[in-house]
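Analysis of the macromolecular model
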Amino acid sequence: MNGPGLLALPKTFSECGIIPGVIAMACMAWITQETCIVLADAILETKLKTLQFEADFEFTDLARIHLGPISEQVTIMMLSLTLGALAIAQITIVAQALDAMAIAALGKSYGIRYYPFFEVSQSTSSSLQPFGVNQSMVSVGFLVAMVICVALGLMDLTSNSLPQYISFALLACFVVFSGLHISPLAIESMDLNQSYTGMTSWFGNDPASIIGVAVFNYSIVIAIPSLLADTRTGVNFGGATSGAIWGVFTLYAFIGCIGAIVYAGITDNVIEPMLQAKTFHGTVASFAFVWAIIPPLPIYTILISRNLEQVSGRPVLSKFLGVFVPWLLALFLYMSEAFGSFLVWTSILVLGFTNYTIPLLIAASSKSAISTTAVDSKDEMPDTRSFMTVLRDNIRKAWADEIGRKALVLNVFTTSILILVICINVRSSYIA
């Protein structure tokens, strides 16, 4: 589950500097790893305390059991917004990249305009928005991505294992060929600028710009309950999760550093100049990346469906809302600039809290006793005490446990970062 902001990393690294960029991405990788560990421990703790050793607890189940039914409703709303925003953001990237790939391979791409009149149009522009912005139309790239991803989204996580392995192999191919394409350009940039950092610098003019990007590019935590439920017995889940997180960090650091050295400040999307260069290595790298980012997209929609089903008990409706609704929304809105701003602010205001604050709160609360009412009922409060009393008791019990203390400290630290990111973006928006 790569962050949708992956392709903008070169520009961000050029603004903040290579050293702050790598440090920030590494710190968030470690925080993400530790959050995954304490959340997995909370799931095990829940099974032990409820004696439901074979039960599959989804994200919303954990929120209901440890935080109460009201928190469950808030969690499902935040989770749906988070996963929906991630899915639609990735849909936009995939559709644009497929159109750009079609133009690079065939010389043109097609789109269907549905408002204010119906027509089939074509574009030969080599940009990642070949049909422009604020257009009421759907492109061939979007339709191809929709057919593939809806089919994969109707399957479960286990059946999506093979596409994820293919995605990983294609990402490895992208790293190799993009390295072959960019390395000569990087050497040329270093020589031209007489610096190892090429067009960028070790420390940039805006170090704070990396904070939001670092936080919002690791979205694996919200998938941990579902992934753990589908993991085969005997698999080293912790090792696999840590390997995936640090593998993604390596990818982010590579794209951010190399891209900043060569393309600093030139583009928001590193694939665009690689396609426009029309070299063998650049073309192969671009094509590999485009097809690599398609298989992870249905994971977001599957997670929405699974959690909605746990809450509603209606699998058909949950599958429709989880798999089809994001594509229907994107179909009419993905070329709109205003909708892009909506997705950005949804990520800023919701994603970080869903991916870090709520899981860490669940992990800390799992150290308290669990009422059978909290497990079996979705209508009653598990506790008659006041919220503040329950919160104080939960904090005290969590602090007495080593993993509970880790969850509390990580929660305070990460939530403070999220609030800082919101303040920075609100201030930047106000100034602009």
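Considering the overall build of the protein chain
- Helix and strand content of the protein chain: 17 helices and three strands.
- Taking all 432 residues of the protein chain together, 52% fall into the buried category.
- Considering only contacts in the protein chain between residues 6 or more positions apart, those separated by 24 or more positions represent 81%.
- Surface exposure of the protein chain reaches about 19400 Å², of which carbon and sulfur atoms provide 66%.

Observations regarding the packing of helix α4 (residues 69-106) against helix α5 (residues 140-153)
- Their axes nearest at 7 Å, the elements α4 and α5 cross at an angle of 125°. By the criterion of interaxial angle, the relationship of α4 to α5 is oblique. Considering the relative orientation of α4 and α5, their crossing is right-handed. Here I91, V94, A95, L98 and D99 of α4 lie close against α5, whose contacting residues are V140, G141, F142, V144 and A145.

Re a nonpolar patch on the surface
- On the surface, Y110, Y114, Y115, F118, V120, V140, V144, W291, L329, F332 and L333 cluster together into a nonpolar patch covering about 1100 Å² of accessible area.
- Of all the elements in the fold, those that place two or more residues in the nonpolar patch are α5 and α13 (315-333).
- Here V144 lies in helix α5.

What to know about the pairing of strand β2 (residues 119-123)
- By the bridge criterion, five bridges tie strand β1 (residues 109-113) to β2 in an arrangement that is antiparallel. From the neighbouring strand, Y110 faces β2, where its bridge partner is Q122.
- Where β1 hands over to β2, the hairpin turn is made up of five residues, counted between the paired strands.

What to know about the packing of aromatic side chains
- Counted by the stated rule, this structure contains seven aromatic pairs.
- Where Y114 meets F332, the ring centres are 5.6 Å apart and the plane angle is 80°; that geometry is what we call edge-to-face. You can see Y114 sitting in the loop between β1 and β2 and its partner F332 sitting in helix α13, a full 218 residues away along the chain.
- Taking the centre distance of 5.3 Å and the plane angle of 70° together, the rings of F142 and W327 count as edge-to-face. In this pair, F142 sits in helix α5 while W327 sits in helix α13, placing the two residues 185 residues apart along the sequence.

Some details on the sheet that holds β1
- A sheet is described by the order of its strands in space; here three strands give the open sequence β2-β1-β3, paired in antiparallel fashion. Since the sheet does not close on itself, it has two edges, and those belong to β2 and β3 (137-139), each with one partner. Across the sheet, the mean angle from the axis of one strand to that of its neighbour is 30°, orientation sign disregarded.
- Against the sheet, α5 engages β1 and β3, with an angle of about 65° to β3.

Considerations on the nonpolar core
- Among the nonpolar cores identified, the biggest contains 114 residues, and M25, F142, F174 and Y218 are the most heavily contacted of them.
- The contacts of F142, once residues within four sequence positions are left out, are I91, A95, W327, A330, L331 and Y334.

Observations concerning unusual backbone geometry
- A cis amide bond, omega 5°, links Y115 with the succeeding residue P116.
- By the secondary structure assignment, P116 is in the loop between β1 and β2.
- Even without being glycine, L51 reaches a positive phi, approximately 60°.
- Within the fold, L51 resides in the loop between α2 (18-50) and α3 (59-67).
- The class of L51 is exposed, set by a relative accessible area of 62%.

Observations concerning the packing of α2 against α3
- One can describe the packing of α2 onto α3 by two numbers: an axis separation of 11 Å at closest approach and a directional angle of 65°. As α2 packs across α3, the resulting crossing turns out to be left-handed. Residues L39, A42, I43 and T46 of α2 touch α3, and the partners they reach there are F59, L62, I65 and H66.
- In terms of residue class, the contact of α2 with α3 is built from six nonpolar, two polar and no charged.

Observations regarding the confidence of the model for the protein chain
- Per-residue pLDDT for the protein chain has a mean of 83; in total, 89% of the residues score no lower than 70.
- Mean pLDDT across the elements of the protein chain bottoms out in helix α15 (residues 372-376) (49) and peaks in α5 (92).

Here's the deal with the pattern of salt bridges
- A complete count under the given rule lists ten salt bridges for this structure.
- For E45, the salt bridge is made with K49, and the minimal N-O distance between the two is 3.7 Å. In this pair, E45 and K49 both sit in helix α2, four residues apart, roughly one turn of the helix.
- Among the residues examined, K49 registers a relative accessible area of 33% and is labelled partly exposed.
- Salt-bridge contacts for R64 lead to D61; the nearest nitrogen and oxygen are separated by 3.3 Å. Residue R64 and its partner D61 are both found in helix α3; the two are separated by three residues, about one turn of the helix. In this structure, R64 and D61 share a single accessibility class: buried.
- Beyond isolated ion pairs, a larger network of salt bridges with shared partners links D41, E45, K49, K367 and D401.

Structural notes on helix α11 (residues 280-292)
- Taking 1.5 Å as the rise per residue, α11 with 13 residues should run 18 Å; its terminal C-alpha atoms sit 18 Å apart, in good agreement.
- The complete set of buried residues in α11 reads G282, A285, S286, A288, F289, V290 and A292.
- Its buried side turned inward, α11 meets α4, α6 (161-193) and α10 (271-277).

What counts and what doesn't
- Residues numbered from 1 in each chain as written.
- Predicted model: local features only at pLDDT ≥ 70, side-chain atom pairs only at ≥ 80, totals over all residues.
- Heavy atoms only, no water.
- Helix = DSSP H or I, 4+ residues; strand = E, 2+ residues; numbered from the N terminus.
- Buried < 20%, exposed > 50% of the residue type's maximum accessible area, 1.4 Å probe, protein only.
- Contact = heavy atoms within 4.5 Å.
- Areas by Shrake-Rupley, 256 points an atom, 1.4 Å probe, with all protein chains shown as cover.
- Axes fitted to C-alpha atoms, helices over the stretch in contact; angles between N-to-C directions.
- Parallel < 35°, antiparallel > 145°, perpendicular 65-115°, else oblique.
- Left-handed = near helix turned anticlockwise from the far one by under 90°.
- Patch = residues over 30% accessible without salt bridge, like charges linked within 9 Å, V, L, I, M, F, W, Y side chains within 5 Å.
- Salt bridge = Lys/Arg side-chain N within 4 Å of Asp/Glu carboxyl O.
- Pairing = 2+ DSSP bridges.
- Phe/Tyr/Trp six-rings, centres within 6.5 Å; stacked < 30°, edge-to-face > 60°.
- Core = buried A, V, L, I, M, F, W, Y, C linked by side-chain atoms within 4.5 Å.
- Nonpolar A, V, L, I, M, F, W, Y, C, P; charged D, E, K, R; others polar.
- pLDDT = per-residue confidence, 0-100.
- Expected span 1.5 Å × (residues − 1).

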